Amino acid sequence: MKTVIIKYNAGNVQSVMYALDRIGIDYLYTDNEEEIRSADKVIFPGVGEASTTMSYLKEKGLDKLIPSLTQPVLGTCVGMQLMCRFSEENNTTCMGIFDVDVKRFPATPGIKVPHMGWNNITNYKSALTKDLIDNAYVYFVHSYAAPVCEYTVATCDYINPFSAMLHKDNFHAAQFHCEISGDIGQKILENFLKL
Amino acid sequence: MLTKRIIPCLDVKDGRTVKGVNFVNLRDAGDAVELGAMYAAQGADELVYLDIAATVEGRSTFIDLVRRVAHTINIPFTVGGGISSIADVSALLHAGADKVSINSSAVRNPDLINELALEFGSQCIVVAIDTRYVETSEGVFEHIVHTHGGRKSTELRTIPWAKEVEDRGAGELLLTSMDTDGTKDGFALELTSTISANANIPVIASGGAGNMEHFYDVFTEGKADAGLAASIFHFREIDIPDLKQYLQNKALPMRMTK
């Protein structure tokens, strides 16, 4: 099996690589179109700001390549947000794989933004959450989120319910960081790699 | 529901953890990677590794340690100690750290916080504040920021400094009270509560944990988002699974892993 991690100007890629090492999977870290197209699994990680990462993807033509992929693709954190239609973070037009807009958490007295730490996900119905315990805790760090929509396959509640995971055709996405979400995160990654 | 976090702190010198009472009298508490992995398995929510030597020779050893930790554990971890430039942060994040903590260098050059937040994103920039309640030259008692492991006093008042670092782009505050650190008499509740209520970023409380009730107090009265401790975990005075069970029984949101 060939697994590719898409190379772009996002942080924390190292953590994703280490997570795959722990699972015992070989991977390629590349932005080369041929390599990405020929992969069995594509991981699109991300920590970063929407407009900066999106303009980098455009510069490299990755904004056209990613939506055209047909093998299983997993986007995480900003990766997931860039797969949506639009992000309020610096009013960024994103790739539009998921027809939903990413919004900033509303300012709420006594509640901190970013949403940082471990929170439980519920209502899951994704192949990636197969055999997961109920109310599994995963690690989030974000100030923007996709509302619950027709593609939502797991929800989380912070100020309002939001999409913790999205799924459409071959595209899967998680707002949380699978790579540092303990055994639960590892299980989700393993489920993705088994698709 | 977003949980309260329990964070063991590992002070590291030459790849091994050490912990001093009031930052002196260092004692060896074991191998840093192994200890971190054990805490992760026990349900620690995050780890903090502090390079207490932070010398040039120690630095490359520390980066190697960060790489081994990142490779081994599957929960977030923060690293700190002697970080003073974008290049330092870049090396640590590339080695696999999830967040970096800066302290003295932020006091010396507050613009560094803005620069790091812009370069790497606020989410990975933790500003550590060591504070002590002292009599100022005007003869009044104030919470004053200290640096160099709490040895050196600054001109900065703690409460406005906490707000300033947030405004400059810090993603999290690590507040250590030098008055309570090492005492095991409990966290500095009043100060933690004031700072947390003023902040729109998470506050990690540190210094003074001696029993499980102290954690309950700092999460309720102290309004902290996370509680950090070192020796009580290293010397097994409190076991993390017991602590989390205790806090959950008292209706605090905790991530239970067992």
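Refer to the structure printed above.
First, a word on scope: everything that follows refers to the structure included in this document. (Residues numbered from 1 in each chain as written. Chains lettered and ligands numbered in written order. Predicted model: local features only at pLDDT ≥ 70, side-chain atom pairs only at ≥ 80, totals over all residues. Heavy atoms only, no water.)

Quick look at the overall build of chain A
So, step 1. The secondary structure content of chain A amounts to six helices and 13 strands.
So, step 2. The C-alpha atoms of chain A give 15 Å as radius of gyration, which agrees with the globular expectation for 195 residues (16 Å, within 12%).
So, step 3. Its C-alpha atoms give chain A principal-axis dimensions of about 50 × 35 × 30 Å.
So, step 4. Taking all 195 residues of chain A together, the buried fraction comes to 60%.
So, step 5. Within chain A, contacts between residues separated by at least 24 positions form 68% of all contacts whose residues are at least 6 apart in sequence.
So, step 6. Counting every atom, chain A has about 7500 Å² of accessible surface; 47% of that belongs to carbon and sulfur.
So, step 7. Separation between the mean location of the 17 positive side-chain charges and that of the 22 negative ones in chain A comes to 1 Å. (Helix = DSSP H or I, 4+ residues; strand = E, 2+ residues; numbered from the N terminus. Rg over C-alpha atoms; globule rule 2.2 N^0.38 Å. Buried < 20%, exposed > 50% of the residue type's maximum accessible area, 1.4 Å probe, protein only. Contact = heavy atoms within 4.5 Å. Areas by Shrake-Rupley, 256 points an atom, 1.4 Å probe, with all protein chains shown as cover. Lys, Arg positive; Asp, Glu negative; His and termini not counted. Charge placed at Lys NZ, Arg CZ, Asp CG, Glu CD.)

Overview of the interface of chain A and chain B
So, step 1. Taken together, the 26 residues of chain A in the interface contact 32 residues of chain B.
So, step 2. Together, K112, M116 and W118 of chain A form the three largest contributors to the area buried by chain A at its contact with chain B, with a combined 33%.
So, step 3. For the pair chain A and chain B, the interface holds one salt bridge.
So, step 4. We note a salt bridge from D225 of chain B to K112 of chain A, for which the minimum N-O separation is 2.6 Å.
So, step 5. Among the secondary structure elements, those contributing two or more residues to the side of chain A that touches chain B are helix 1 (13–23), strand 8 (115–122), strand 9 (137–142) and helix 6 (182–194) of chain A.
So, step 6. At six residues, strand 8 of chain A tops the list of elements feeding residues into the side of chain A that touches chain B.
So, step 7. Per-class residue counts for the side of chain A that touches chain B are 12 nonpolar, nine polar and five charged. (Buried area = accessible area lost by both parts, 1.4 Å probe. Salt bridge = Lys/Arg side-chain N within 4 Å of Asp/Glu carboxyl O. Nonpolar A, V, L, I, M, F, W, Y, C, P; charged D, E, K, R; others polar.)

Observations regarding the sheet that holds strand 13 (residues 171–174) of chain A
Residues and elements named next belong to chain A.
So, step 1. Strand order in this open sheet of nine strands is 2-1-3-4-13-12-11-8-9, and the pairing throughout is mixed. The open sheet is flanked by strand 2 (28–30) and strand 9, the only strands paired with a single partner. Mean inter-strand twist for the sheet, computed between neighbouring axes without regard to direction, equals 30 degrees.
So, step 2. The sheet strands contacting helix 1 are strand 1 (3–6), strand 2 and strand 3 (41–44), and the helix crosses strand 1 at an angle near 165 degrees.
So, step 3. Sheet contacts for helix 6: strand 1, strand 3, strand 4 (73–76), strand 8, strand 9, strand 12 (160–168) and strand 13; angle to strand 3, the most-contacted strand, approximately 140 degrees. (Pairing = 2+ DSSP bridges. Axes fitted to C-alpha atoms, helices over the stretch in contact; angles between N-to-C directions.)

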